[in-house]
Amino acid sequence: MKIKVMAKIVILGAGISGHVAATHLRRKLSKEHEVVVVSPNSNYQWIPSNIWVGIGRMKSEKILFPLAPLYKKKNIEFKQSKAISFFPEGDKNENKPYVLSEYVLGDNKGQQEKITYDYLINATGPKLNFEATEGLIPGENKAYSVCTYTHADHAWEGLKALIEEMKAGKKAKILIGTGHAKSTCQGAAFEYILNVEQELCRHNVRDMAEVTWIANEHKLGDFGMDGMLLSYGGMTMKSSEMVEMIFEDRDIKWIIGAGVNKIEDGLAHYETLEGDYKTESYDFAMLIPAFSGHGFKAYDKNENDITEKLFKGFMLVDADYTPKPYEEWSVKDWPETYQNPTYKNIFAPGIAFAPPHAISKPRKSRNGTDISPAPPRTGMPSGITAKLVADNIIDTIKNGKESLHHKGSMGNMGAACIASAGYGLTKGSGVSITTFPIVPDYEKYPKTQGRQLGKTFGEIGLAGHWLKLALHYAFIYKAKMRPFWWLIPE
């Protein structure tokens, strides 16, 4: 006779990864099993649409909804609390593994709780490390962010005010890109600069503005993915050529190989790969910060520090972290199950896992400063990896023994990205790029820069905008767990 063991799965974070994991776990596990979500945020937000909030074309309430009512309805326990430290063996008084967390709201605010678990999914995503760049504070020094809906609201307020000044005759400089030498998420900045440029045209002030792209990429279109060779129309084109074509068409200037290291009011200081120190003035800037781990600590049963067993900035998983030169990097270095090697009941999908290395070739300035993008893991990879982690936990619970049949490396996983290039039902535009695999496989595809050409392509046009808008509504529908939500892929 099989003994039924009830399991408690705790998920840290309610972003794309955490929410995807929680919804699939709850749908596929019987109600005897507990699914607990721990997040300091009260709302779910569909982050890809923040760029439209940042140009005033979508209200922030259209991209978010409160988590507590949905989770209550779906029998998912929700704690508005932030994780502080990890005790994967428990402690002298608590036999079960637990996470120490602190409530951020309500009557319990400031109180700490030991949240025990049988399985733990760390989906805390990144810390937006604005402090890594001196003076980079959202809403100050004329610099903004679109990383959260509140940041995006502030960005639109700043941009709107500048547009009014331009209508009154002021010439303006707009600077958009990355705000740190090792930032990732170039894609979000790329979308934002194209949307801002189109909004300037819509408000008839484009001739009053100089629009400049600034990024740590050594070439346009690197996107932290070592660039791409893609099918475009009937041609084969490098992503650098495609982005250059788009920027030239829209009269957007660019500064690349730039590590921004200090922001003053209307002035960005940066270092170039050549080792020069330069400045760029602006009236409005949107700069993506560096991403980092949250600085969690971990302790064993006797409260000895074992942080290095769980974290290397982000959480350690089944990747090959052996330091090796770029020439020896391989898709085999990348994780497949996102399971911590020491504590097998802990997983970290999405941005929460520590990558084995960058994807783009690392570059240093002549002064020895690292100036190159960190690997992107946002959007589609976050959802896919969260679902496979959830499915492995479900199988393990149902089979009564560890099951890790669901695997997905970013080295054998594709991604579709629709970069909005302007909002509007008739005048909107989107840059649709699909890439396979995300991490280039130079052994399998040596002649096409590590990617399969038929599955790596780019298109530009109104259809891309319609698709991006359709995806916005589809994924909000899915996140709200409406009827048959699970039929919408990650």
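Cut-offs and rules
Sequence order sets the numbering: in each chain, residues are counted from 1 along the sequence as written. Where local features are concerned, this predicted model is filtered to residues with pLDDT of at least 70; where side-chain atom pairs are given and counted, the filter is 80 or more; whole-chain, interface and lining totals use all residues. No hydrogens and no water enter the side-chain calculation; it runs on all heavy atoms of the structure. Here a strand is any run of E in DSSP of at least two residues, a helix any run of H or I of at least four, and the numbering for each starts at the N terminus. As a reference, a globule follows 2.2 Å times the number of residues to the power 0.38, and the radius of gyration itself is taken over C-alpha atoms. Buried means the residue's accessible area, taken with a 1.4 Å probe over protein chains only, is under 20% of the maximum for its type, while exposed means over 50%, and partly exposed covers the values in between. Whether two residues are in contact is decided by their heavy atoms, any of which lying within 4.5 Å being enough. Using a 1.4 Å probe, accessible areas were evaluated by the Shrake-Rupley method; residue-level cover was limited to the displayed protein chains. Here a strand pair is declared whenever DSSP counts at least two bridges between the two strands. For every element, the axis is a line fit to its C-alpha atoms; helices are fit only across the contacting stretch, and the angle between N-to-C directions ranges from 0 to 180 degrees. Nonpolar cores are built from buried Ala, Val, Leu, Ile, Met, Phe, Trp, Tyr and Cys residues. Side-chain atoms within 4.5 Å join them into one set. To count toward a patch, a residue needs a relative accessible area above 30% and no salt bridge. Like charges then connect within 9 Å, nonpolar side chains (Val, Leu, Ile, Met, Phe, Trp, Tyr) within 5 Å. Any carboxyl oxygen of Asp or Glu that lies within 4 Å of a side-chain nitrogen of Lys or Arg is treated as forming a salt bridge with it. Using protein atoms alone on a 1 Å grid, points that fit a 1.4 Å probe yet trap it form a cavity, whereas open point sets bounded by protein on both sides within 12 Å along at least five of seven lines form a pocket; residues with an atom within 4 Å of a point count as lining. Grid points are joined across faces, edges and corners, and a volume is the space filled by probe spheres set on the points. Residue polarity is assigned by list, with Asp, Glu, Lys and Arg as charged and Ala, Val, Leu, Ile, Met, Phe, Trp, Tyr, Cys and Pro as nonpolar; anything else, Gly included, falls into the polar class. By convention a crossover is right-handed if, when the strands point away from the viewer, the path from the first strand over the helix to the second runs clockwise.

Asker: Sorry if this is basic, but what is going on with the overall build of the protein here?
Answerer: Looking only at helices and strands, one finds 9 helices and 27 strands in the protein. Rg of the C-alpha trace for the protein: 23 Å, near the compact-globule value of 23 Å for 490 residues, within the 12% margin. If one aligns the C-alpha atoms of the protein with their principal axes, the spans along those axes are about 75 × 50 × 45 Å. In the protein, which comprises 490 residues, the share counted as buried stands at 58%. Excluding contacts between residues fewer than 6 apart, the proportion of contacts in the protein whose partners are at least 24 apart in sequence is 68%. Just so you have it, the protein exposes about 20,900 Å², and 52% of that area is on carbon and sulfur atoms.

Asker: Sorry if this is basic, but what is going on with the side chain of His357 here?
Answerer: Along the chain, the position of His357 falls in the loop between strand 24 (346-347) and helix 8 (380-399). Given the relative accessible area of 12%, His357 is considered buried. Residues contacting His357, with those up to four places away along its chain left out, are Trp329, Ser330, Asp333, Trp334 and Pro375.

Asker: Which parts of the structure should I look at to understand the sheet that holds strand 12 (residues 209-214)?
Answerer: Read across the sheet, 5 strands follow the order 10-19-11-12-15 without closing on themselves; strand pairing throughout is parallel. This sheet does not close on itself; its edge strands, each paired only once, are strand 10 (143-144) and strand 15 (252-255). Of the strand pairs in this sheet, strand 10 and strand 19 (residues 284-288) are connected by 2 bridges, and their pairing is parallel. Counterpart to Tyr144 in the pairing with strand 19 is Met286. Across the sheet, helix 4 (residues 149-167) touches strand 10, strand 11 (172-178), strand 12 and strand 19, and the angle it forms with strand 11 is around 155 degrees.

Asker: Hey, could you run me through the nonpolar core in this one?
Answerer: A general feature of soluble globular proteins is that nonpolar side chains tend to end up buried together. Ranked by internal contacts, the top residues of the largest apolar core, which has 74 residues, are Ile9, Ile11, Leu25, Phe86, Ile121, Ile393 and Met410. Counting residues per element, this core draws most heavily on helix 8, which supplies 7 residues. Among residues more than four places away in sequence, those in contact with Ile9 are Leu25, Leu29, Glu34, Val35, Val36, Tyr119, Ile121, Ile393 and Ile397. Ile63, Phe190, Phe247 and Ala421 belong to the second largest nonpolar core, which has 57 residues in total.

Asker: Would you mind showing me how to read a nonpolar patch on the surface here?
Answerer: Together, Leu425, Leu462 and Trp466 make up a nonpolar patch on the protein surface, roughly 290 Å² of accessible area in all. With respect to the secondary-structure elements, Leu425 resides in the loop between strand 25 (415-422) and strand 26 (429-435). Looking at Leu425, the relative accessible area reads 48%, which means it is partly exposed.

Asker: Could you clarify how one ought to interpret the sheet that holds strand 27 (residues 457-461) in this entry?
Answerer: Across a sheet, paired strands are connected by hydrogen bonds in the backbone, their directions being either parallel or antiparallel. Reading across from one edge, 14-13-27-26-25 is the order of the 5 strands in this open sheet, with mixed pairing throughout. What marks the edges here is a single partner per strand, and that holds for strand 14 (235-238) and strand 25. Along the sheet, successive strands turn relative to each other by an average axial angle of 30 degrees, direction set aside. The pairing of strand 13 (residues 229-232) with strand 27 spans 2 bridges and is parallel. Residue pairing for strand 27: Tyr232 is matched across the bridge by Gly458. Running over the sheet, helix 5 (residues 186-202) touches strand 25 and strand 26 and is turned about 25 degrees from strand 25.

Asker: Explain the layout of surface pockets here, please?
Answerer: With a probe scaled to a water molecule rolled over the atoms, the places where space remains empty come into view. Reported here for the second largest pocket is a volume of approximately 640 Å³. The element that contributes the greatest number of residues to the lining of the second largest pocket is strand 20 (residues 290-292), accounting for 3 residues. Taken together, the residues that form the lining of the second largest pocket break down as 14 nonpolar, 9 polar and 5 charged.

Asker: Help me understand the pairing of strand 2 (residues 34-39) in this model?
Answerer: Put simply, side chains in a regular strand alternate between the two faces of the sheet. By the criterion of burial, strand 2 is predominantly enclosed, with 5 of the 6 residues buried. Here strand 1 (residues 8-12) pairs with strand 2 via 5 bridges, running parallel. Following the sheet pairing, Ile11 is matched in strand 2 by Val37. Chirality of the crossover, the property in question, places the unit of strand 1, helix 1 (residues 16-28) and strand 2 among those that are right-handed. Both strand 2 and strand 5 (residues 77-87) contribute to a ladder of 4 bridges, which runs parallel. Its bridge partner lying in strand 5, Ser39 is registered against Gln80.

Treat this as a map of the structure, not an account of what it does.
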